[in-house]
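What follows is the residue order along each chain.
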Amino acid sequence: MVPGVRLVVLGKQGAGKGTQCVRLSHHYVVPHVSTGDMLRGEVKSRTPLGQRAKALMDQGELISDELVMEMVGLRLREKDTRARGFILDGCPRTIAQAEELADIVAPDHLDLVIDLDVPTAMVLGRLASRRVCMDCGANYSTSSPPLTNWTCDVCGGEVVQREDDTEEAIRRRLELYERQTSPLIDWYQHHDLLMSVDGTGTPDAVTTRCVQAIDDRRTKPVTSP
Ligand code: AMP
């Protein structure tokens with residue numbers, strides 16, 4: 001067991017962030033904090049935040065920095081994430097969110113930001129066949145479905161196609177990723193926190209590359225941001 005890490009995973013939609021974050025959270029024994037899963041939970045519970053977020057999410061648009069970072073701040077200030085760290089998935093998506101995240105984490109710092117690098121042509125194919133559990137967010141695909149009748153192997157929830165995995169919403173999300181999220185790669189590079197990891201190949205191969213990158217980094221700690 002290798003406890004504790006503060007990690008951000010960036011990558012286009014369909015790059016395999018969800019799958020890798022779950023695996024890394026088991027390996028490092030830290031919570032997987034996915035803003036997409038948290039927001040889908042808010043929508044499902046029909047909270048005021050969920051009601052504001054639903055239409056934007058269905059169209060592939062981003063939720064405001066303020067709303068998202070308030071939700072993330074509350075989660076990252078809980079006892080488990082303070083003590084053990086986190087694997088943050090889906091956030092930050094803008095430079096403003098990255099700045100806010102550094103403030104939330106202070107006086108600690110992130111260990112590493114992984115950019116999971118997968119060609120756009122490959123993510124388009126993955127997104128079209130992606131299926132997810134409505135309850136726990138576990139990922140499946142049409143070529144690798146759950147064992148029984150689109151019922152989640154992990155929790156028994158219903159496995160469906162995400163409402164924002166339509167062709168139009170996928171196109172919009174990839175466009176937003178290029179415009180708003182990919183500048184984060186330069187930003188984190190500038191802060192000497194970024195490691196690009198090849199996200200192609202089997203999930204096991206990608207996990208091995210991620211663990212190697214994280215462990216290499218943890219032997220030479222940084223102080224900013
Ligand atoms: P994901 O599961 O990460 O693809 O997120 C699904 C949707 O949730 C996105 O398309 C956005 O509408 C919203 N969302 C998730 N994380 C963020 C974030 N950090 N900032 C703004 N919107 C977000």
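Quick note: structure is the one above.
Now for a description of the structure that goes with this document. (Residues numbered from 1 in each chain as written. Predicted model: local features only at pLDDT ≥ 70, side-chain atom pairs only at ≥ 80, totals over all residues. Heavy atoms only, no water.)

Re the environment of M69
Among the structural elements, M69 can be located in helix 4 (residues 65-76). For the pair M69 and G11, spaced 58 residues apart in sequence, the C-alpha to C-alpha distance is 19 Å. (Helix = DSSP H or I, 4+ residues; strand = E, 2+ residues; numbered from the N terminus.)

Some remarks on the side chain of R131
Inspection of the secondary structure assignment puts R131 in strand 5 (residues 130-133). Despite its burial, R131 pairs with no opposite charge, the nearest such side chain being D165 at 6.4 Å. Among the polar contacts listed, one links the side chain of R131 to the backbone oxygen of A128, at a separation of 3.4 Å. (Buried < 20%, exposed > 50% of the residue type's maximum accessible area, 1.4 Å probe, protein only. Lys, Arg positive; Asp, Glu negative; His and termini not counted. Salt bridge = Lys/Arg side-chain N within 4 Å of Asp/Glu carboxyl O. Polar contact = N/O pair within 3.5 Å; in protein donor to acceptor, adjacent residues only side chain to side chain.)

Description of the site of the ligand
Every one of the 16 residues lining the ligand counts as a neighbour, but T35, E61, G90, R93 and Q97 are closest to it. Here an oxygen atom of the ligand and a side-chain polar atom of R40 are 3.0 Å apart. Within the complex, the protein chains bury 96% of what would otherwise be the 480 Å² of accessible surface of the ligand. Judged by its atoms lying within 2 Å of the grid points, the ligand is housed in the largest pocket. In terms of residue count, helix 2 (residues 35-44) provides more of the shell around the ligand than any other element does, 4 residues in total. (Near = heavy atom within 4 Å. Areas by Shrake-Rupley, 256 points an atom, 1.4 Å probe, with all protein chains shown as cover. 1 Å grid on protein atoms, 1.4 Å probe; cavity = no way out; pocket = protein on both sides within 12 Å on 5 of 7 lines; lining within 4 Å. Sits in = over half its atoms within 2 Å of the grid points.)

Some points on the packing of helix 1 (residues 17-28) against helix 10 (residues 203-218)
With their axes 10 Å apart at the nearest point, helix 1 and helix 10 run at an angle of 50° to one another. The angle between the axes of helix 1 and helix 10 places the two elements in the oblique class. You can see that helix 1 and helix 10 cross each other, and the crossing is right-handed. Each of T19, Q20, R23, L24, H27 and Y28 in helix 1 lies in contact with helix 10, whose residues at this interface are P203, D204, V206, T207, C210, V211, I214, D215 and R218. Of the residues assigned to the contact of helix 1 with helix 10, the class counts are 7 nonpolar, 4 polar and 4 charged. (Axes fitted to C-alpha atoms, helices over the stretch in contact; angles between N-to-C directions. Parallel < 35°, antiparallel > 145°, perpendicular 65-115°, else oblique. Left-handed = near helix turned anticlockwise from the far one by under 90°. Contact = heavy atoms within 4.5 Å. Nonpolar A, V, L, I, M, F, W, Y, C, P; charged D, E, K, R; others polar.)

Here we look at the nonpolar core
Core analysis: the biggest nonpolar cluster contains 30 residues, and L10, L76, L88, L101, L110, V113 and Y188 have the highest contact counts within it. Those elements giving two or more residues to this core turn out to be strand 1 (5-10), helix 2, helix 3 (48-59), helix 4, strand 3 (85-89), helix 6 (95-105) and helix 9 (183-190). Counting residues per element, this core draws most heavily on helix 4, which supplies 5 residues. Core analysis: the next-biggest nonpolar cluster, separate from the first, contains 23 residues, C21, L112, I170 and V197 among them. (Core = buried A, V, L, I, M, F, W, Y, C linked by side-chain atoms within 4.5 Å.)

Thoughts on the sheet that holds strand 1
The sheet built from 5 strands is open, its strands ordered 2-3-1-4-8 with parallel pairing. Lying at the two open borders of the sheet, with one neighbouring strand each, are strand 2 (32-34) and strand 8 (194-198). Mean inter-strand twist for the sheet, computed between neighbouring axes without regard to direction, equals 25°. By the bridge criterion, 5 bridges tie strand 1 to strand 3 in an arrangement that is parallel. From the neighbouring strand, L7 faces strand 3, where its bridge partner is I87. Helix 10 rests against strand 1, strand 4 (112-117) and strand 8 of the sheet, and its axis sits at about 155° to strand 4. (Pairing = 2+ DSSP bridges.)

Some thoughts on the sheet that holds strand 5
Taken together, the 3 strands give an open sheet; going across it, the order is 6-5-7, and neighbouring strands pair in antiparallel fashion. Two strands close off the open sheet at either side, each with one partner strand: strand 6 (139-141) and strand 7 (159-160). Of the strand pairs in this sheet, strand 5 and strand 6 are connected by 3 bridges, and their pairing is antiparallel. Across the sheet, the residue bridging to R130 is S141, located in strand 6.

Things to note about the layout of surface pockets
Here the largest pocket defines a volume of roughly 1,300 Å³. Counting residues per element, the ones that place at least two in the lining of the largest pocket are helix 1, strand 2, helix 2, helix 7 (120-129), strand 5, strand 6, helix 8 (167-181) and helix 10. Looking at which element gives the most residues to the lining of the largest pocket, the answer is helix 1, with 6 residues. Of the residues that constitute the lining of the largest pocket, the class distribution is 16 nonpolar, 21 polar and 13 charged. Taken as a whole, the second largest pocket holds about 610 Å³ of empty space. (Points joined across faces, edges and corners; volume = space filled by probe spheres on them.)

Considerations on the packing of helix 4 against helix 6
Close contact between helix 4 and helix 6 brings their axes to 10 Å; oriented N to C, the two are set at 25°. In terms of their interaxial angle, helix 4 and helix 6 are classed as roughly parallel. The crossing of helix 4 and helix 6 is right-handed. Along the contact surface, helix 4 presents D65, V68, M69, G73 and L76, while helix 6 presents A96, Q97, E100, L101 and I104. Of the residues in the contact of helix 4 with helix 6, the class split is 6 nonpolar, 2 polar and 2 charged.

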